[in-house]
Every structure is written in C-alpha cells, then in structure tokens.
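Structure assessment
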Amino acid sequence: QVQLVESGGGLVQSGASLRLSCTASGRTRSSYLMGWFRQAPGKEREFVAAKSGGTAVYADSVKGRFNISRDNAKNTVYLQMNSLKPEDTAVYYCAADRDSTIWVIPAKYDYWGQGTQVTVSS
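Residues numbered from 1 in each chain as written. Predicted model: local features only at pLDDT ≥ 70, side-chain atom pairs only at ≥ 80, totals over all residues. Heavy atoms only, no water.

To continue, consider the sheet that holds strand E7 (residues 66–71). If you trace the four strands from one edge of the open sheet to the other, you get E1-E3-E8-E7, paired in antiparallel fashion. Both edges of this open sheet fall to strand E1 (2–7) and E7, since each of them pairs with a single strand only. Pairwise comparison of adjacent strand axes, ignoring direction, gives a mean angle of 15 degrees for this sheet. With six bridges connecting them, E1 and strand E3 (residues 18–26) associate as antiparallel partners. Bridge pairing in E3 places valine 2 opposite glycine 26. (Pairing = 2+ DSSP bridges. Helix = DSSP H or I, 4+ residues; strand = E, 2+ residues; numbered from the N terminus. Axes fitted to C-alpha atoms, helices over the stretch in contact; angles between N-to-C directions.)

Counted by the stated rule, this structure contains one disulfide. Here cysteine 22 connects covalently by a disulfide to cysteine 94, the sulfurs 2.1 Å from one another. Residues cysteine 22 and cysteine 94 share a disulfide whose torsion about the S-S bond is about -75 degrees; that sign makes it left-handed. Placement of the pair is cysteine 22 in strand E3 and cysteine 94 in strand E9 (residues 90–97), with a sequence separation of 72 residues. Using a relative accessible area of 0% as the deciding quantity, one classes cysteine 22 as buried. Cysteine 94 sits in the buried class, given a relative accessible area of 0%. (Disulfide = S-S within 2.5 Å. Buried < 20%, exposed > 50% of the residue type's maximum accessible area, 1.4 Å probe, protein only.)

Ranked by internal contacts, the top residues of the largest apolar core, which has 34 residues, are Leu4, Trp36, Val48, Phe66, Leu79, Met81 and Tyr92. Secondary structure elements with two or more residues in this core: E1, E3, strand E4 (33–39), strand E5 (46–52), E7, strand E8 (76–81), E9 and strand E11 (116–121). In terms of residues, this core owes the most to one element, E9, which gives five residues. Discounting chain neighbours no more than four positions away, the residues touching phenylalanine 66 are Arg38, Val48, Tyr58, Leu79, Gln80, Met81, Asn82, Leu84, Asp88 and Tyr92. (Core = buried A, V, L, I, M, F, W, Y, C linked by side-chain atoms within 4.5 Å. Contact = heavy atoms within 4.5 Å.)

We now examine unusual backbone geometry. For asparagine 75, which is not glycine, the phi dihedral falls at a positive 55 degrees. Mapped onto the secondary structure, asparagine 75 falls in the loop between E7 and E8. Its relative accessible area of 35% is what places asparagine 75 among the partly exposed residues. Despite not being glycine, serine 83 shows a phi value in the positive range, around 50 degrees. Following the sequence through the fold, serine 83 ends up in the loop between E8 and E9. When its relative accessible area of 41% is taken as the criterion, serine 83 is described as partly exposed.

Read these as layout, nothing more, since geometry by itself doesn't imply function.
Here it is in structure tokens:
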C-alpha cells in the first residue's frame, strides 16, 4: 500500500502563486507515475498534471502556469502553481499509479491522497 499526503493549499488572490506538496509513504517506488487532479464543486475530477521519469504532461488549462516536479529522495511530488485564476479553485488531489505510463484518467490511478483546498479570489 501507498499513502499520499498533500499539503500547501490555501486562499490566495488572483495572480498569486502556491506550491502544493505530496509526500508518499509505504511501498512506493520512484518509477511510479505521480499525478495531480482537481475537483471543483459540482464538477468531475479533472486531470491537472503528471510526471513519470523525465516526462511531464499538463492539462491545456494550466500549461505554462503550473509545473510538476519530483524529489525521489524525499518521495515527494510538487505542483508549483503560478498566475492563479479564480477558475483554478478546487480541491487538489495527488495520485499515484504503479504503472509508469502517463494517464490522464482518474480511474487509472491506484492511490489517492485526501486532497487539499485551493481557493483563488478575484
């Protein structure tokens, strides 16, 4: 089993930056795919970014503003979010998959964190 714990969410104004962290524990591997998803009230969970090895993939809505990175020594994945917009408001979830293939579908991920709230005011 793998446990994921997110941190770093909060309330910020439009244009601000936040960095989310997700620390993995348990039977984790550096080869695991790590991803970030988000879910706004009344909406489905949507893909934000994922990284496997040296390859990162981003949703079009965050491309150029968000950056995903990993510190395998710390079993931690980060999501640096810049130029935040009110439409980025959501609960952000960290996810891990034992397969290194990059997926954008939530159902493909094996493990999930509890989520961290990000609220961007206009």
